[in-house]
Amino acid sequence: MERKFKLKNEELKFKLTNGDMLSIDEKYGNASNVVNSLVFGEKGFLTNSLRVISEACKTRELTVEELTDNLTSTQLMQEVPSLAINIYFDYMGIKTGEEEKTEEELKKDTKKK
């Protein structure tokens, strides 16, 4: 699943791939540590959120520095961590309640037709 996020006036698309995970591993020492800090809210939570979304951007190359300079405080503290976690869950095939509900609604709509 591709996710969208607006940075200033630009809509960016995100999807985490195996290549992105390898890049995170190479750049930051251990992809598992980066992901664990997201999932468990450990040390480096915000920084690692930025790392994941910068690597997962499919629209264009996006750096942590560019994100840091252009995000609003609400985006940094609330939207970016949620985006990073959801991108990771999508990569792992973990469905959140949001996607499950959407699928159920789609099934109901199909039955009505």
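Thresholds, definitions, all that
- Residues numbered from 1 in each chain as written.
- Predicted model: local features only at pLDDT ≥ 70, side-chain atom pairs only at ≥ 80, totals over all residues.
- Heavy atoms only, no water.
- Helix = DSSP H or I, 4+ residues; strand = E, 2+ residues; numbered from the N terminus.
- Expected span 1.5 Å × (residues − 1).
- Contact = heavy atoms within 4.5 Å.
- Pairing = 2+ DSSP bridges.
- Buried < 20%, exposed > 50% of the residue type's maximum accessible area, 1.4 Å probe, protein only.
- Polar contact = N/O pair within 3.5 Å; in protein donor to acceptor, adjacent residues only side chain to side chain.

On to helix α3 (residues 45-56). Every α-helix winds through 3.6 residues per turn, so residues three or four apart in the chain are directed the same way. With 12 residues, α3 should reach 16 Å at 1.5 Å per residue; the first-to-last C-alpha distance of 17 Å fits that figure. Residues of α3 that are buried make contact with β2 (10-14), α1 (18-28), α2 (31-40), α4 (64-70) and α5 (73-92).

A word on the pairing of β2. In this sheet, β2 lies alongside strand β1 (residues 3-7) in antiparallel orientation, the contact comprising five bridges. Residue pairing for β2: Lys 6 is matched across the bridge by Glu 11. Here β1 folds back onto β2 in antiparallel fashion, the turn holding two residues, of which Lys 8 has a positive phi close to 55°.

For Ser 37, the position within the fold is in helix α2. A residue is classified by how much of its surface remains accessible, and Ser 37, at 2% relative accessible area, is buried. From its side chain, Ser 37 meets the backbone oxygen of Val 34 in a polar contact 2.8 Å long. In this structure, Ser 37 is in contact with Glu 42, Lys 43, Gly 44, Phe 45 and Asn 48, ignoring residues within four places of it in sequence.

Phi is positive for Lys 8, which is not a glycine, with a value near 55°. With respect to the helices and strands, the residue Lys 8 is situated in the loop between β1 and β2. Owing to a relative accessible area of 59%, Lys 8 belongs among the exposed residues under this scheme.

All we've got here are geometric facts, nothing functional implied.
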